[in-house]
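Given next are the chains, with one letter for each unit.
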Amino acid sequence: MSELKYKLLALDMDGTLLNDNHEITQETAKWIQIAIRRGVHVCLSTGRAVYHAMPYAVQLGLETPMVTVNGSEVWKAPHELHLRHLMDPALIRKMYEIGEKYNSWYWAYSVEELYNRDRWTDNIEGLEWLKFGFTTEDDEIRHQIMMELQEMGGLQMTNSSPVNIEVNPENVSKATGVAEVCQLLGIDMSEVVAVGDSLNDLAVIEAVGLGVAMGNAQEQVKEAADLVIGSNNEDGIAHLIREHILKGE
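In this text, all values refer to a predicted model and were calculated from it rather than measured experimentally.

Novice: Could you give an account of the packing of aromatic side chains, naming the residues involved and the relevant values?
Specialist: Enumeration according to the criterion identifies ten aromatic pairs in this entry. Judged by centre distance (5.7 Å) and plane angle (20°), the ring pair of W120 and W129 falls under stacked. Ring centres of W120 and F132 lie 6.0 Å apart, and the angle between their planes is 75°; on these two criteria the pair is classed as edge-to-face. One end of the pair, W120, is in the loop between strand 7 (114-116) and strand 8 (129-135); the other, F132, is in strand 8, with twelve residues separating them in the sequence. A relative accessible area of 0% places F132 in the buried class. Site record: aromatic cluster; members linked through ring pairs are Y96, Y106, Y115, W120, W129, F132 and F134. Between the NZ or CZ atom of R242 and the centre of the ring of W31, over which it lies, the distance is 5.5 Å.

This is the structure in structure tokens:
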């Protein structure tokens, strides 16, 4: 068997690896296992925190590194932290105030747990923060929030759905996270396939050897991708592995 062109498959979770029921289908799991047996590293690359991603990594039996919270954390192995980028609590407080000002739903990941508008904390300065997010169906309010965030500076803004804004420290993204994983594994970004559906996947899709958008991806992501596959409800990942990663052996 010839050596495979691509050595790492970096998978977004929601809207990509997971179907709309937040499940990994049997077909997708089967082909991920086949890829692993053929020597492909499979890495979760998600906006979720590690405690919300880990059950799926365990389900797939992944021992490879993992990129969580849009790149704010990179894990060398499932329970071994490689690096972490924290947000200034002063920025978290400002974003909390913006969320209150616009009556928007908001949430934030600390290192330990997920907070949201219904369950916030009085101890902002005493916690270590990784990411902040806003969700609103109102396009105008979302635009106003985005304008205020841009004025703050020092932030990386993306989304994981058309109605939200996800905020990480400046220059932190899934692309920087996957680049760290490549260093850990001793491979080049040109040997990576990255798959996603939202703007938080855009940087990594543009940075790797084969950038792949799901059929359900936002248009901007599809336009940037090298390849558009089936949706997250159509086992798009299984098709990708079968037809584009393992084919031509």
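Novice: Lay out helix 3 (residues 89-101) with the relevant residues and their values.
Specialist: End to end, helix 3 covers 18 Å across 13 residues, agreeing with the expected 18 Å (1.5 Å per residue, within 8%). Along helix 3, the residues classified as buried are L91, I92, M95, I98 and G99. All buried residues of helix 3 lie within an arc of 120° about the axis, which places them on one face of the element. Buried residues along helix 3 sit against strand 6 (105-110), strand 8, helix 4 (139-152), strand 9 (155-158) and strand 10 (164-169). The backbone nitrogen of A90 has a side-chain oxygen 2.8 Å away, supplied by the residue at the start of helix 3, namely D88. Downstream of helix 3 by one or two residues, N103 has phi in the positive range, about 55°.

Novice: Which residues make up the sheet that holds strand 9, and what values go with them?
Specialist: Taken in spatial order, the five strands of this open sheet run 7-6-8-10-9, and their pairing is antiparallel. Single-partner strands in this sheet number two, and they are strand 7 and strand 9. On average, each strand axis in the sheet is tilted by 20° relative to the strand beside it, whichever way the strands run. As paired elements, strand 6 and strand 8 share six bridges and run antiparallel to each other.

Novice: Hey, could you go over the environment of W31 for me, with residue numbers and the actual values?
Specialist: Within the secondary structure, W31 sits in helix 1 (residues 26-37). Residue class for W31 comes out buried when judged on its relative accessible area of 15%.

Analysis parameters
Per-chain numbering applies: the sequence of each chain, read as written, is numbered from 1 onward. Given that the model is predicted, a residue must reach a pLDDT of at least 70 before its local features are reported, and side-chain atom pairs must reach 80 or more before they are shown or counted; all residues, however, enter totals for whole chains, interfaces and linings. Excluded from the side-chain calculation are hydrogens and water; included are all heavy atoms of the structure. For Phe, Tyr and Trp, where Trp contributes only its six-membered ring, two rings pair if their centres lie within 6.5 Å, and the inter-plane angle classes them as stacked under 30 degrees, edge-to-face over 60, or tilted in between. Helix and strand definitions here come from DSSP, where helices need a minimum of 4 consecutive H or I residues and strands a minimum of 2 consecutive E residues; each element is numbered from the N-terminal end. Relative accessibility decides the category of a residue: with a 1.4 Å probe and only protein chains considered, values under 20% of the type maximum give buried, values over 50% give exposed, and everything between is partly exposed. By definition here, charges over rings are those cases where NZ of Lys or CZ of Arg is within 6 Å of the ring centre and within 35 degrees of the ring normal. The length a helix should cover is 1.5 Å for every residue beyond the first. For this quantity, the arc is that covered by the directions from the helix axis to the C-beta atoms. The contact rule is simple, with two residues in contact once any of their heavy atoms fall within 4.5 Å. Pairing of N or O atoms within 3.5 Å defines a polar contact, subject to two protein rules: one partner must be a possible hydrogen donor and the other a possible acceptor, and residues neighboring in sequence count only if both atoms are side-chain atoms. By this definition, two strands are paired if DSSP reports at least two bridges between them. Every angle, taken between N-to-C directions, lies between 0 and 180 degrees, and every axis is a line fitted to C-alpha atoms, over only the stretch in contact when it is a helix.

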